[in-house]
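# Observations on the three-dimensional arrangement
Here is what each chain is made of, one letter per residue.
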Amino acid sequence: MWFRRDLRVQDHPAFAEAAASGEVLSLFVLDPAFARAGLPRRHMLAACLAALDAALGGSLVIRTGDPRVIVPAVAREVGAHTVFVSKDFAPYGRTRDAAVAEQLRADGRVLRGVGSPFAVAPGTVRKGDGKPYAVFTPFSRAWRAAGWAAPIETPTAVRFIESLTEPIPAPLRATPAGGSAPEAVATSEVTALERWDDFRRSALDDYQAGRDIPSIDGTSKLSPLLKFGVIHPRQLLADLSVGEPGHDRFASELAWRDFYADVLFHRPESAWRHLDPRYDSIRYDTGPTATATFERWCSGTTGFPIVDAGMRQLVQTGWMHNRVRMITASFLVKDLHLPWTWGARFFLDHLLDGDLASNNHGWQWAAGSGTDAAPYFRVFNPTSQQERWDPEGRYVDRWIPELGTSSYPSPMVDHAAERLEALARYESVKQARRS
């Protein structure tokens, strides 16, 4: 069983099938490619691997190196005929798995993909003409119609194969500089399900409204666990009641996760390029002044409290409230006129739940160049957003202790003027499309 983004034993179709097939060697390969991930995610991975090893009774085998070499070598080492995996639909994962499968075939072995990290696997939901969806609402209707299987039983009395393992490297175990994991983020299946049960009892019914208020514990904070597969969306969906507003809204957020994975599956180049190539012509600021501006955004010193609070929460905890993610993204692109890719990379470097599809397509949503694009109506006013979602200042006060003193900077831009500038730049794209 080759674990990847599925670090659990409960409701795990690939692991269950492996366990039913014979003795199991539980393998995780520390791919050098993961070194590109931000330190918070590497730290999160180390904690999740330790929890998985405990759930497997200490039998997890960790090897470091290129999976295209390591996986076939381990299969030969223990005489395994089949390597079970959860299917990976991301661009790098698909290429890697194709290479591993080819090498295994050359050895007379098989790579068998069972299940995926999603409720509905990318590529499953399509329009009547067979084309993929580019707009969320019709996708979500088809997504619900497609449905998903119920959670499966956890295998018992699994016979594990013992083999030499390697320790989790120290750089993965190191605590991220300047911060730590959010208080409510778990790293084991048991604590993840406990968090879910607490959220269901305390906040799920009010999720429709509570999800937008950053000062309260109104969201599940399970996104890092979904990212690493410590919990599966199917387990959450099984506990929801159709027709309950809070429950339906939570299901919709899981549908967004599947939607963005589907978009990336069909358009892998959109990870770092505009989904709508017509926006390749939009003018962003660059050069030393733009870099200095970006650094103020990164450090949470823009002079706009809701933006600065979000950026400080991100850097200090590895997590940011979703409403604030939209506000900070809009501010970077629409007020500061900087490339969305700069913000997307910074988020991936700091988020525990940093996921290429959700993060980068969420950024394109904010930039107006991705799915459901409406750039003229997404120039978020950071002041009015704070007045609406944090009227008493509880959120900003928590993250900006110097707020209201002379040490807190004045707003670095005039939002009204920058909004007009942003609209002018988008209008130039429209004019170019007409000519």
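No experiment lies behind these values; they were computed from the predicted model shown. Residue indices follow the written sequence of each chain, beginning from 1 at its first position. In keeping with the model being predicted, local features are shown solely for residues with a pLDDT of at least 70 and side-chain atom pairs are shown and tallied solely at 80 or more, while totals for entire chains, interfaces and linings include all residues. Side-chain metrics rest on all non-hydrogen atoms present in the structure, leaving aside hydrogens and water.

A separate point is the overall build of the protein chain. Along the protein chain, the regular secondary structure elements total 19 helices and five strands. In this setup the radius of gyration rests on C-alpha atoms only. A globule is expected at 2.2 Å times the number of residues raised to 0.38. Since a compact globule built from 435 residues should have a radius of gyration of about 22 Å, the 23 Å found for the protein chain is in line with a globular shape. Projected onto its principal axes, the C-alpha coordinates of the protein chain cover approximately 65 × 50 × 50 Å. Counting only residues that meet the buried cut, the protein chain has 54% of its 435 residues in that class. Accessibility throughout is a Shrake-Rupley quantity obtained with a 1.4 Å probe, and a residue counts as covered only by protein chains that appear here. As presented, the protein chain carries roughly 18600 Å² of accessible surface, and 53% of it is formed by carbon and sulfur atoms. Lys and Arg are tallied as positive, Asp and Glu as negative. Neither His nor the chain termini are counted. Charge coordinates come from a single atom per side chain, which is NZ of Lys, CZ of Arg, CG of Asp or CD of Glu. Taking the average location of the 50 positive side-chain charges in the protein chain and that of its 51 negative ones, the two points are 5 Å from each other. In this text, helices come from DSSP runs of H or I with a minimum length of four residues, and strands from runs of E with a minimum of two, each type numbered from the N-terminal end. Buried means the residue's accessible area, taken with a 1.4 Å probe over protein chains only, is under 20% of the maximum for its type, while exposed means over 50%, and partly exposed covers the values in between.

Put simply, the grid is 1 Å and covers the protein atoms alone, a cavity is a trapped set of points that fit a 1.4 Å probe, a pocket is an open set with protein on both sides within 12 Å along at least five of seven lines, and lining residues have an atom within 4 Å of a point. Grid points are joined across faces, edges and corners, and a volume is the space filled by probe spheres set on the points. For the coordinates displayed, the defined rule picks out one cavity of 30 Å³ or more. Computed from the structure, the largest cavity encloses a volume of approximately 50 Å³. Ile282, Arg283, Tyr284, Val333, His337, Ala422, Arg425 and Tyr426 together form the lining of the largest cavity. Of the residues forming the lining of the largest cavity, the biggest block, three residues, is contributed by helix 19 (residues 415-434). Its residues assigned to classes, the lining of the largest cavity comprises five nonpolar, one polar and two charged. Polar here means any residue outside two lists: the nonpolar Ala, Val, Leu, Ile, Met, Phe, Trp, Tyr, Cys and Pro, and the charged Asp, Glu, Lys and Arg; Gly therefore counts as polar.

When two helices pack together, their arrangement is given by the angle between their axes and by how far apart the axes lie. Helix axes are fitted to C-alpha atoms over the stretch in contact, other axes to C-alpha atoms as well, and angles between N-to-C directions run from 0 to 180 degrees. Axis separation between helix 14 (residues 322-335) and helix 17 (residues 382-389) bottoms out at 11 Å; the angle between their running directions is 170°. Relative to helix 17, helix 14 is oriented roughly antiparallel. For the pair helix 14 and helix 17, contact is made by Arg323, Ile327 and Phe331 and by Pro382, Gln385 and Trp389, respectively. Residue composition of the contact of helix 14 with helix 17, grouped by class: four nonpolar, one polar and one charged. Any angle that falls under 35 degrees is termed roughly parallel, while one over 145 is termed roughly antiparallel, one within 65 to 115 roughly perpendicular, and all others oblique. Contacts are residue-level and defined by heavy atoms, with any inter-residue pair within 4.5 Å sufficient.

We define the nonpolar core as a collection of buried residues of types Ala, Val, Leu, Ile, Met, Phe, Trp, Tyr and Cys that are connected through side-chain atoms lying within 4.5 Å of one another. Counting 100 residues, the largest nonpolar core has Phe3, Leu7, Phe250, Trp297, Phe347 and Trp363 as the members making the most contacts within it. Ranked by residue count, the leading element in this core is helix 11 (residues 245-266), at nine residues. In contact with Phe3, other than residues within four places in its own chain, are Arg8, His12, Phe15, Ser26, Leu27, Phe28, Leu52, Leu56 and Leu60. Core analysis: the next-biggest nonpolar cluster, separate from the first, contains 16 residues, Leu27, Val29, Leu104 and Leu111 among them.

Our next topic: the pairing of strand 3 (residues 61-64). Bridge analysis of strand 2 (residues 27-30) against strand 3 gives four bridges, and the strand direction is parallel. Looking at strand 3, one finds that Leu30 is bridged to Thr64. The handedness of a crossover follows from its direction of travel: if, with the strands pointing away from the viewer, the path from the first strand over the helix to the second runs clockwise, the crossover is right-handed. Note that the unit made of strand 2, helix 2 (residues 39-55) and strand 3 has a crossover that is right-handed. In this description, strands pair whenever DSSP reports at least two bridges between them.

Before going further, it helps to examine the packing of helix 11 against helix 16 (residues 356-367). Remark: helix 11 packs on helix 16, axes separated minimally by 8 Å, with the N-to-C direction vectors making an angle of 90°. Accordingly, the angle class assigned to the pair helix 11 and helix 16 is roughly perpendicular. Note on element contacts: helix 16 touches helix 11 through Leu356, Ala357, Ser358, His361, Gly362 and Trp365, opposite Trp256, Arg257, Tyr260, Ala261, Val263 and Leu264. Grouping the constituent residues of the contact of helix 11 with helix 16 by class yields eight nonpolar, three polar and one charged.

Moving on to helix 7 (residues 189-202). Here the expected length of a helix is defined as 1.5 Å per residue gap, with one fewer gap than residues. In this model helix 7 runs 20 Å from its N-terminal to its C-terminal C-alpha over 14 residues, within 8% of the 20 Å that 1.5 Å per residue would give. Buried residues of helix 7: Glu189, Ala192, Arg195, Trp196 and Phe199, and no others. Considered in projection along helix 7, the buried side chains sweep an arc of 125° and stay on one side of the axis. Residues Val190, Arg201 and Ser202 are exposed on helix 7 and point more than 90 degrees away from its buried face. If you follow the buried residues of helix 7, they end up packed against helix 2, helix 8 (207-210), helix 9 (223-227), helix 10 (233-237) and helix 11. Taking the helix axis as origin, the arc is that swept by the directions to the C-beta atoms.

A separate point is the packing of aromatic side chains. When the centres of two rings from Phe, Tyr and Trp lie within 6.5 Å, Trp using its six-membered ring, the rings pair. Their planes under 30 degrees apart give stacked, over 60 give edge-to-face, and anything left gives tilted. Under the counting rule described, the total for this entry stands at 25 aromatic pairs. One aromatic cluster is present, formed by Tyr133, Phe136, Phe139, Trp256, Phe259 and Tyr260 through successive ring pairs. The criterion for a charge sitting over a ring is simple: Lys NZ or Arg CZ within 6 Å of the ring centre, and within 35 degrees of the ring normal. The ring of Trp2 has Arg4 sitting right over it, with the charged end atom 4.4 Å from the ring centre.

On the basis of which strands lie adjacent, the open sheet formed by three strands has the order 1-2-3 and parallel pairing. On the outer flanks of this sheet lie strand 1 (2-3) and strand 3, each paired with one strand and no other. One ladder, built from two bridges, connects strand 1 with strand 2; its direction is parallel. Residue pairing in the sheet places Phe3 in a bridge with Phe28 of strand 2.

Once that is clear, we can look at the confidence of the model for the protein chain. Scored between 0 and 100, pLDDT is the confidence that the predictor attaches to each residue. With 94% of its residues at a pLDDT of 70 or more, the protein chain has an overall mean of 92. The low-confidence segment residues 176-184, where pLDDT is below 50, has 20 contacts with residues more than four positions distant or belonging to other chains.

Let us now look at unusual backbone geometry. The backbone of Asp11 sits at a positive phi, close to 45°, despite the residue not being glycine. Position of Asp11 among the secondary structure elements: in the loop between strand 1 and helix 1 (13-21). With phi around 55°, Lys221 is a residue other than glycine that occupies positive phi space. Mapped onto the elements of the fold, Lys221 is located in the loop between helix 8 and helix 9.

Another point: the pattern of salt bridges. Opposite charge on two side chains allows them to pair when their charged atoms are near. The term salt bridge refers to a side-chain nitrogen of Lys or Arg lying within 4 Å of a carboxyl oxygen of Asp or Glu. A complete count under the given rule lists 27 salt bridges for this structure. A salt bridge links Glu421 to Arg283, with the shortest nitrogen-to-oxygen separation between them at 3.1 Å. Taken together, the residues Glu421 in helix 19 and Arg283 in the loop between helix 11 and helix 12 (288-299) connect sequence positions 138 residues apart. Residue Glu421 is classed as partly exposed on the basis of its relative accessible area, which comes to 27%. Judged by relative accessible area, which is 48%, Arg283 ranks as partly exposed. If you follow the salt bridges from partner to partner, you end up with Arg211, Asp212, Arg249, Glu253 and Arg323 in one network.

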